[in-house]
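Residue-level structural notes
Residue-level listing of the chains:
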Amino acid sequence: MSQVVDIERYDLDIKRNSSSHHTEQCGKERLIVRRGQPFNITLHLKPGSKEFKPGEESFTLIVETGPLPRKESDTKATFGLSDSTADNEWSASASYDSSGNSVSVSISSSPNAPIGLYSLTLDQDGQKTSSGQFTLLFNPWCTRDAVYMRSETKRQEYVLAQYGLIYMGAAKRIKGKPWNFGQFEPGILDICLKILDNNPKFISDADKDCCARRNPIYVTRVLSAMINSNNDRGVLVGSWQDYTGGVHPGKWIGSGDILHQWTESGPVRFGQCWVFAALACTVSRALGIPCRVVTNFGSAHDTDANLIIENLYDEDGERMSNGDSIWNFHVWVDSWMTRPDLGTDFDGWQTSDPTPQETSDGVFCCGPCSLKAIREGELTKKYDAPFIFAEVNADVVDLVRLSSGKFVQFSGSTKSVGQYISTKAVGSDDRHDITHQYKYSEGSNEERRVYEKAQHHNKLLQRGEEQGLHIKIKLADNMIVGSDFEVHAILTNNCVDARICTFLFSAKAVGYNGKLGDSCGFTSDKVEVPSGEERRMSLRLEYERYGSAITSDRLIQVSAITIDKQITNYHKAEKTIVLDEPEIHIKLLGEATVRQNVTASLTLLNPLPEHLQDCSFTVEGVGLTEGKPLTASCGPQTGGQGQL
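Rules used in this analysis
- Residues numbered from 1 in each chain as written.
- Predicted model: local features only at pLDDT ≥ 70, side-chain atom pairs only at ≥ 80, totals over all residues.
- Heavy atoms only, no water.
- Domains from an automatic or database assignment.
- Buried < 20%, exposed > 50% of the residue type's maximum accessible area, 1.4 Å probe, protein only.
- Helix = DSSP H or I, 4+ residues; strand = E, 2+ residues; numbered from the N terminus.
- Pairing = 2+ DSSP bridges.
- Phe/Tyr/Trp six-rings, centres within 6.5 Å; stacked < 30°, edge-to-face > 60°.
- Lys NZ or Arg CZ within 6 Å of the ring centre and 35° of its normal.
- UniProt positions renumbered as here; feature names shortened; annotations may be inferred.
- Contact = heavy atoms within 4.5 Å.
- pLDDT = per-residue confidence, 0-100.
- Core = buried A, V, L, I, M, F, W, Y, C linked by side-chain atoms within 4.5 Å.
- 1 Å grid on protein atoms, 1.4 Å probe; cavity = no way out; pocket = protein on both sides within 12 Å on 5 of 7 lines; lining within 4 Å.
- Points joined across faces, edges and corners; volume = space filled by probe spheres on them.
- Nonpolar A, V, L, I, M, F, W, Y, C, P; charged D, E, K, R; others polar.
- Axes fitted to C-alpha atoms, helices over the stretch in contact; angles between N-to-C directions.
- Polar contact = N/O pair within 3.5 Å; in protein donor to acceptor, adjacent residues only side chain to side chain.

**Quick word on the domain arrangement of the protein**
Each assigned domain of the protein is listed here: domain 1 (7-137), domain 2 (156-454), domain 3 (469-578) and domain 4 (584-633). Computed from C-alpha atoms alone, the centre-to-centre distance between domain 1 and domain 4 is 46 Å.

Below you can see the structure in the form of structure tokens.
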């Protein structure tokens, strides 16, 4: 039988399809489309070919993805021409242009099709002609897609924006770190698909894995495991102490360089929570899943799953090591999708955390878990709800171990965990506080109701300030790295009688994950405080001592403890100092013109009382540095101004 269409060449019409599918930032070299939405290709016929008559003549199209495409797995679909495309399955329609001797074919993918690289084949009674390849992504613009997001401004922010801010520091001193997500930079999408192809589930059962890629829940959970390298050859190796043989996590300013290094040579050293989260955001957005980076200040790490963080001290006020901890901040991602496995009440933002902390189903991954489940204390909902709930809403108890071995509670808090949960605002560089999306107002009836629901077998802490000693820590202004400054502890006696106690005031370097380091200062005294009066103790922190103790996080934890062993009475106050770093001032030297180089002057003031060695500036920008950071040396700098 003769061919219905005698094809000379085909045109994937990349420019027009990319524009309508919001993938034009991916480049013009390949066809990238979003599922559930039609795209058009043109079949140019050979000269002298007979006219194609839609409705009377037809051909079949075959689309395939994965190494073992099968109809039963929805990784292969075969469909003919219809009068119009359908919106719930693979379909196609065609029209003939006699002036151009061509056939225009409109192809619509299923809104539930697996994402990935597809081949397109035209079949005319067994005579098959390859019509190229295309990459299919999730579609937040399609109402039938599981990742559909109604707001266009939010789609622009959570899918298309390549630049963002990641919030770091401490609850009372929050700073945004610029990050270049670069999800549309050359080569990034291929790397994201390679990450999926390297996950252990694909290696053990490629057919099942590729079929499951229709589901953003599955893809998000795979990414949570693959962004870290703990159980596989994932992207990033985590390190919180020794950075020998790799890059300090604080030096990364974008995702592209890390992803390119991974695809060339395997797991990249090193990352910490904000780097893991930024990579997860880049990959999610590249695949079409709306995603935001979220920072939780005062983030609990509950190792024994009792929803309580237990801080243990000996009788001298020294902290005893145990598994629980509270990180100054922790960063993860929220991804937008429906949850048919849980019910429509749990649709919307879903938390997942690629930082390797605890295992889930035997793998270092976490989530996705519905924010609504977290807020309502629905800890039976998948995935990892108890761990994430504790991160934002655990209670804290401070316990002292007496010489008898008995533990006595002397302090605690129901409000210190889960503060100022932050993400970049939509359409601006402002910080958006989303704490209310994770939990009810601290101390409210609703918040306590949810905690009781989650913690039903544990005794709630006593709330309200009791009469007794009260400690307040007051910090200095302008605490910049390199300066010397004083902090003060103020002890107030609200009792009816005078109190005599040992007053300890100490400072230690601390990592953002709550791990204490070396001492930065200590003082103590035995004080008598009459009823209604206060005593003040000062602690001077000098750069000569704290400079070698602090990490790149620039954090110092200040603790004041009072001890009255005669009546077994302990009180404590803590604050975390975030040392300011000098600002970098950027000035363009000349006018910026499209497609022409421009020189910029970068200037900072060295605040340290010592020379800086091997100094350099690193810059990166979407469309400016070809997806890789530019680093330029400026030589040694004395205490003063350095300029590049």
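Having seen the structure, we can now continue with the description.
**Quick word on the pairing of strand β29 (residues 555-564)**
Working note: regular strand, side chains alternate between the two faces of the sheet. Counting buried residues along β29, 10 of its 10 residues qualify, which places the element largely inside the surrounding structure. Along β29, one buried face is formed by Leu555, Gln557, Ser559, Ile561 and Ile563 and the opposite face, lined by Ile556, Val558, Ala560, Thr562 and Asp564, is buried too. Across 8 bridges, strand β26 (residues 499-510) lies against β29 in antiparallel orientation. Residue pairing across strands places Ala509 opposite Ile556, the latter belonging to β29.

**Let's talk about the packing of aromatic side chains**
The final tally for this structure, using the stated rule, is 19 aromatic pairs. Measuring from ring centre to ring centre gives 5.1 Å for Phe39 and Phe134, while their planes differ by 50°; the resulting arrangement is tilted. With a gap of 95 residues between them, Phe39 in strand β3 (residues 38-45) and Phe134 in strand β9 (residues 127-137) connect regions that are remote in the sequence. Assessed through its relative accessible area of 1%, Phe39 is described here as buried. On the basis of an interplanar angle of 85° and a centroid distance of 5.5 Å, the ring pair of Tyr543 and Tyr546 is categorised as edge-to-face. Here Tyr543 and its partner Tyr546 are both found in helix α13 (residues 543-546), 3 residues apart, which amounts to about one turn of the helix. For Tyr546, a relative accessible area of 0% translates into the label buried. The side chain of Arg375 reaches across the aromatic face of Tyr440, ending 3.9 Å from its centre.

**Examining the UniProt feature "active site" (unreviewed entry) in the protein**
According to UniProt, the positions carrying the feature "active site" (unreviewed entry) are Cys273, His330 and Asp353. For this annotated set, covering 81 residues, all C-alpha atoms fall within 9.7 Å of each other, a compact arrangement in space. Relative to the elements of secondary structure, Cys273 occurs in helix α8 (residues 273-287). Discounting residues that sit within four places of it in the chain, Cys273 has contacts with Phe329, His330, Val331, Thr355 and Tyr512.

**Points about the environment of Cys501**
Inspection of the secondary structure puts Cys501 in strand β26. Residue Cys501 is classed as buried on the basis of its relative accessible area, which comes to 2%. Taking the C-alpha atoms as reference, Cys501 lies 12 Å from His470; in sequence the two are 31 residues apart. Not counting the four nearest positions on each side in its chain, Cys501 is found in contact with Leu469, Leu491, Asp525, Lys526, Val527, Thr562, Ile563 and Asp564.

**What about unusual backbone geometry?**
Along the chain, Arg269 connects to Phe270 via a cis peptide bond; the corresponding omega equals 15°. Secondary-structure assignment places Phe270 in strand β13 (residues 268-271). Cis geometry marks the peptide bond from Lys382 to Tyr383, where omega comes out at -5°. On the secondary structure map, Tyr383 appears in the loop between α9 (371-376) and α10 (385-393). Unusually for a residue other than glycine, His22 sits at a positive phi of about 60°. Along the chain, His22 turns up in the loop between α1 (14-20) and β2 (32-34). Unlike most non-glycine residues, Asp74 shows phi in positive territory, near 60°. With respect to the helices and strands, the residue Asp74 is situated in the loop between β4 (60-65) and β5 (76-80).

**Looking at α10**
Most of α10 is tucked away: 8 of the 9 residues are buried. Buried residues of α10: Ala385, Phe387, Ile388, Phe389, Ala390, Glu391, Val392 and Asn393, and no others.

**Section: the confidence of the model for the protein**
Scored by pLDDT, the protein comes out at a mean of 90, with 95% of its residues at no less than 70. Segment residues 456-466 is flagged for pLDDT under 50; beyond a separation of four residues in sequence, or across chains, it makes 16 contacts in the model. When the criterion is pLDDT under 50, residues 640-644 qualifies, and its contacts beyond four places in sequence or with other chains add up to 22 contacts.

**Overview of the nonpolar core**
Within the largest apolar cluster, 65 residues are counted, with the highest numbers of intra-cluster contacts made by Trp274 and Leu287. Here this core gets 12 residues from one element, more than from any other, and that element is α8. Trp274 has contacts with Ile166, Met168, Lys177, Trp179, Pro249, Gly250, Phe329, Val331, Tyr512 and Asp553, leaving out every residue within four places of it along the chain. Formed by 34 residues, the second largest nonpolar core is a distinct cluster that contains Ile308, Cys369, Ala394 and Tyr440.

**Section: empty space enclosed by the protein**
Overall, the coordinates contain 2 cavities of 30 Å³ or more when judged by the stated rule. Lining the largest cavity, in full, are Glu157, Tyr158, Tyr163, Gly164, Leu165, Phe181, Arg285, Arg292, Val293, Thr423 and Lys424. Per-element accounting of the lining of the largest cavity gives the leading share, 3 residues, to strand β10 (residues 163-170). Its residues assigned to classes, the lining of the largest cavity shows 5 nonpolar, 2 polar and 4 charged. Reported here for the second largest cavity is a volume of approximately 50 Å³. As for the second largest cavity, its lining consists of Thr220, Leu223, Ser224, Ala280, Ser284, Val333, Ser335, Ser352 and Pro354. Among the secondary structure elements, those contributing two or more residues to the lining of the second largest cavity are α6 (216-226), α8 and β17 (325-337). Per-element accounting of the lining of the second largest cavity gives the leading share, 3 residues, to α6. Looking at the lining of the second largest cavity residue by residue, the class counts come to 4 nonpolar, 5 polar and no charged.

**Focus: the sheet that holds strand β15 (residues 308-313)**
Strand order in the open sheet formed by 4 strands is β16-β15-β20-β21, with mixed pairing between adjacent strands. Edge strands, defined here as strands with exactly one partner in the open sheet, are β16 (319-320) and β21 (407-413).

**A closer look at the sheet that holds strand β7 (residues 102-108)**
Here we have 4 strands laid out as an open sheet, ordered β1-β3-β7-β6, and antiparallel in their pairing. The open sheet is flanked by β1 (7-11) and β6 (91-97), the only strands paired with a single partner. Neighbour-to-neighbour, the strand axes of the sheet open up by a mean angle of 25°, direction not taken into account. As judged from the 7 bridges shared by β3 and β7, these two strands associate in the antiparallel manner. Bridge pairing links Leu43 to Val103 in β7.

**Some thoughts on the side chain of His248**
Mapped onto the elements of the fold, His248 is located in the loop between β12 (236-238) and α7 (256-265). Here Gly250 takes part through its backbone nitrogen, which lies 2.9 Å from a polar atom of the side chain of His248. Ignoring sequence-local partners within four residues, the contact set of His248 consists of Tyr243 and Ser552.

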